Amino acid sequence: MIDFPRRPIVSFDKLVRDGHLLPVHNYNKIIVSFSGGKDSLAMVLQMLEWACMEQDYPRNQIELWHQDVDGGSSLMDWPCTPSYCRAVAKALSLPLYFQWKDGGFEGELLRENEPTRGVYFEDGQREIRYLPPQGRKGATRRKFPAKTANLQTRWCSGYLKINVAKRALNNDPRFRTGKYLFLTGERRQESRARAKYNEVEIHGTTNRKRRTDQWRSVIDWDERFIWETIERHGITPHPAYRLGWGRVSCMACIFGDKDQWAAVRHIAPERFQRIHQYEREFDHTIDNRLTVVEMANKGKSFVDADPSLVELAMSEDYPEELALAKHWELPAGAFKACGGPT
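Residues numbered from 1 in each chain as written. Predicted model: local features only at pLDDT ≥ 70, side-chain atom pairs only at ≥ 80, totals over all residues. Heavy atoms only, no water.

Peer 1: I would appreciate a short explanation of the overall build of the protein in the present structure.
Peer 2: Helix and strand counts for the protein come out as 11 helices and 8 strands. Here the C-alpha atoms of the protein give a radius of gyration of 20 Å, agreeing with the 20 Å that 2.2 N^0.38 yields for 342 residues. In terms of its C-alpha atoms, the protein occupies a principal-axis envelope of roughly 55 × 50 × 40 Å. For the protein, the proportion of its 342 residues judged to be buried stands at 55%. Long-range pairs, those at least 24 residues apart, make up 75% of the contacts in the protein with a sequence separation of at least 6. By element, 46% of the accessible surface of the protein is carried by carbon and sulfur atoms, the whole surface being about 16400 Å². Each charge class in the protein can be summarised by its mean position, and for the 51 positive and 46 negative side chains these summaries are 5 Å apart. (Helix = DSSP H or I, 4+ residues; strand = E, 2+ residues; numbered from the N terminus. Rg over C-alpha atoms; globule rule 2.2 N^0.38 Å. Buried < 20%, exposed > 50% of the residue type's maximum accessible area, 1.4 Å probe, protein only. Contact = heavy atoms within 4.5 Å. Areas by Shrake-Rupley, 256 points an atom, 1.4 Å probe, with all protein chains shown as cover. Lys, Arg positive; Asp, Glu negative; His and termini not counted. Charge placed at Lys NZ, Arg CZ, Asp CG, Glu CD.)

Peer 1: How do you make sense of helix 5 (residues 155-171) when you look at a structure like this?
Peer 2: Turn by turn, an α-helix covers 3.6 residues, leaving residues three or four places apart pointing in a common direction. In the structure, helix 5 departs most strongly from a straight axis at asparagine 163, where the bend amounts to approximately 35°. Regarding helix 5, the residues found buried are Trp155, Cys156, Ser157, Gly158, Leu160, Val164, Ala165, Arg167, Ala168 and Leu169. (Bend = angle between axes of the 7 residues up to and from the residue.)

Peer 1: Would you explain helix 6 (residues 223-233) in this entry?
Peer 2: Residues Glu223, Phe225, Ile226, Trp227, Glu228, Thr229 and Ile230 constitute the buried set of helix 6. Residue aspartate 222 occupies the N-cap position of helix 6, its side-chain oxygen lying 2.8 Å from the main-chain nitrogen of arginine 224. Residue glycine 234 follows helix 6 closely and has a positive phi angle near 70°. (Polar contact = N/O pair within 3.5 Å; in protein donor to acceptor, adjacent residues only side chain to side chain.)

Peer 1: Please explain the nonpolar core as it appears in this structure.
Peer 2: Nonpolar side chains in soluble globular proteins tend to end up buried together. Counting residues in hydrophobic clusters, the biggest one holds 88 residues, and the most contacted among them are Trp78, Phe105, Trp215, Trp245 and Trp261. Among the elements that make up this core, the one with the highest residue count is helix 2 (residues 38-53) (8 residues). Leave out the neighbours within four places in its chain, and phenylalanine 105 touches Val69, Asp70, Leu75, Met76, Phe144, Pro145, Trp155, Cys156 and Leu160. Membership of the second largest hydrophobic core comes to 13 residues, among which are Val164, Ala168, Phe175 and Phe182. (Core = buried A, V, L, I, M, F, W, Y, C linked by side-chain atoms within 4.5 Å.)

Peer 1: Where do I start with the pairing of strand 4 (residues 119-122) in this structure?
Peer 2: Looking down a regular strand, the side chains alternate between one sheet face and the other. Sheet topology note: the strand 3 (residues 96-101)/strand 4 ladder contains 3 bridges and is antiparallel. Note on strand 4: the bridge partner recorded for glutamine 99 is phenylalanine 121. Examined bridge by bridge, strand 4 and strand 5 (residues 128-131) share 4 bridges and lie antiparallel to one another. Residue glutamate 122 lies in a different strand from strand 5, and its bridge partner there is isoleucine 128. (Pairing = 2+ DSSP bridges.)

Peer 1: Could you clarify how one ought to interpret the environment of valine 164 in this entry?
Peer 2: Inspection of the secondary structure puts valine 164 in helix 5. A relative accessible area of 1% places valine 164 in the buried class. Each C-alpha atom of the pair valine 164 and glutamine 67 lies 7.2 Å from the other, and the pair is 97 residues apart in sequence. With residues near it in sequence (within four places) discarded, valine 164 still touches Gln67, Gln99, Trp100, Lys101, Val119 and Tyr159.

Shown next, in the form of structure tokens:
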């Protein structure tokens, strides 16, 4: 058992002294990957506190990026997540830019004898740009991502988030040259695999004209401090936490346990049935042994909330005025194991 500090390690200055990161003023832009989940939210708030301490560092050099997993489809992710992220970004007066794969999760899932699809992203002028597929080699997917730390077979993270952000950064004219800091919110406490992650790495978009440093700024944070940070700023947690989910990735996350699948069937029966239909069509289940129906039958839905909260979570329009809490409360899903990366 790893002993995680309750308080975050203030490591930026040390990382600079050790040559892993540049002084903050040397970066042209700080990009914070914002999923809407607790860890990335705390990371955003940490950056704002840090920017306040660095009084001459321009706040407008910080921007949020969100990779929309469903990409206009409606199969796996929370419907409210994009608009929740917009509401929080507006409350914090930070710009938010979206990136997504053409067809999202479902498009990649159904890929048959074709290259992986292209990528859309918002540029600095809020224009939507399209990046066509790379290469002409066709392949067939028609399998759900594997429940593994290997991002080649757990393709949802690699294809729908990591590579999408990488292509956007590589092709946005704003980032052709310069020095950039890219923040992601993995924490060692989440899994054995993530416990081995480096705090700082050279990002895959680094080339001769562009330096991009990846910093996992909350990697050593304990979950208690994550929630304390969110409470201190009064940000309303994502509706999924308030419904009882312990993690906010996809609503129908491949790592979901039996109770989570029972909860998905409870609040989103049509989506649940579509996922099960794909399992039958592919003759391939998300779990290594059980169908989602069998998992849900073994579990019990933990959703016991006002129906209006379920409606909010399943809505594509999260009201901006709800981003800041009038009376902040620790959500039901806090400190709860609810399926996650191995």
